[in-house]
Amino acid sequence: MSTLAKAISVAVLMGTAGQSVAAINQAAIDRALAAIHQNPTATRLSASDTFTARSLTVDRNGVEHMHMDRSYKGLRVIGGDLVVHSKAT
């Protein structure tokens, strides 16, 4: 995974938007996963959590908004979705 060069913020997902999962860039997924693992307190990360990319939106300023679904021990966490905000460097 690549490291995150810019500050990120994580917010609870309020809706869905963006590209299909098939069109999501792997580098953007790696940046989002790195951000989640670098901020375990903010994301309430546990060793049993896994994240799957749902969609990606990139705004005019180049900021990526990666929508991630959370699973705990293989079970989807209802309300555990995250949006990871980062910028490609």
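Calculation rules
In this numbering scheme, every chain counts its residues from 1 along its sequence in written order. With pLDDT at 70 or above as the cut-off, local features in this predicted model cover only qualifying residues; side-chain atom pairs require 80 or more to be listed or tallied, and sums for whole chains, interfaces and linings still use all residues. With hydrogens and water excluded, all non-hydrogen atoms of the structure serve as input to the side-chain values. Note on scores: pLDDT gives the predictor's confidence for each residue, bounded by 0 and 100. Secondary structure is summarised from DSSP: a helix means a run of H or I of at least four residues, a strand means a run of E of at least two, and numbering begins at the N terminus for each. Note on contacts: a residue pair is in contact if any heavy atoms of the two residues lie within 4.5 Å. A pair of strands is treated as paired once DSSP finds two or more bridges between them. Accessible area is worked out with a 1.4 Å probe on protein chains only. A residue is then buried under 20% of its type maximum, exposed over 50%, and partly exposed in between. Salt bridge, as applied in this entry: a Lys or Arg side-chain nitrogen positioned within 4 Å of an Asp or Glu carboxyl oxygen. Under the rule applied, a polar contact is a pair of N or O atoms within 3.5 Å (in protein, one hydrogen donor and one hydrogen acceptor; residues adjacent in sequence only if both atoms are side-chain atoms). In this analysis, the expected span of each helix is defined as 1.5 Å times one less than the number of residues it contains.

Caption draft 1: Structural detail: the confidence of the model for the chain. For the chain, the average pLDDT comes to 77, and 72% of its residues sit at 70 or higher. Ranking the elements of the chain by mean pLDDT puts strand β1 (residues 9-12) last, at 30, and strand β4 (residues 75-76) first, at 95. Across residues 1-19 the pLDDT falls below 50, and counting only partners more than four positions away or on other chains, this stretch makes 49 contacts in the model.

Caption draft 2: Structural detail: the pairing of strand β2 (residues 49-58). With nine bridges connecting them, β2 and strand β3 (residues 63-72) associate as antiparallel partners. If you follow Thr-50 over to β3, its bridge partner there is Ser-71.

Caption draft 3: Main features of the environment of Val-58. Secondary-structure assignment places Val-58 in strand β2. Note on Val-58: relative accessible area 47%, which makes it partly exposed. Each C-alpha atom of the pair Val-58 and His-85 lies 9.5 Å from the other, and the pair is 27 residues apart in sequence. Those residues in contact with Val-58 that lie beyond four places of it in its chain are Val-63 and Glu-64.

Caption draft 4: Representation of the pattern of salt bridges in the model. Summed over the entire model, instances satisfying the criterion amount to six salt bridges. The partner of Arg-76 in a salt bridge is Asp-69, with the nearest N and O atoms 3.5 Å apart.

Caption draft 5: Layout of the side chain of Arg-54. Tracing the backbone shows Arg-54 in strand β2. Reaching out from Arg-54, the side chain makes a polar contact with the side chain of Asp-81 at a distance of 2.6 Å.

Caption draft 6: Structural detail: the pairing of β3. Counted residue by residue, β3 has eight buried out of 10 residues, so it is predominantly covered. Between β2 and β3, which pair antiparallel in sequence order, lie four residues; one of them, Gly-62, sits at a positive phi of approximately 85°. Relative to strand β5 (residues 82-87), β3 is paired through six bridges, and the arrangement is antiparallel. Paired with His-67 across the two strands is Val-83, which belongs to β5. Strand direction decides the pairing type here: β3 and β4, joined by two bridges, are antiparallel.

Caption draft 7: Broad picture of helix α1 (residues 26-38). In a regular helix each residue adds 1.5 Å, so 13 residues correspond to 18 Å; α1 covers 18 Å between its end C-alpha atoms and thus fits that length. Residues of α1 that are buried include every one of Ala-28, Ile-29, Arg-31, Ala-32, Leu-33, Ala-34, Ala-35 and Ile-36, and no others. Residues of α1 that are buried make contact with α2 (40-43), β2, β3 and β5. Where α1 begins, the capping side chain belongs to Asn-25, and its oxygen is found 2.7 Å from the backbone nitrogen of Ala-27.

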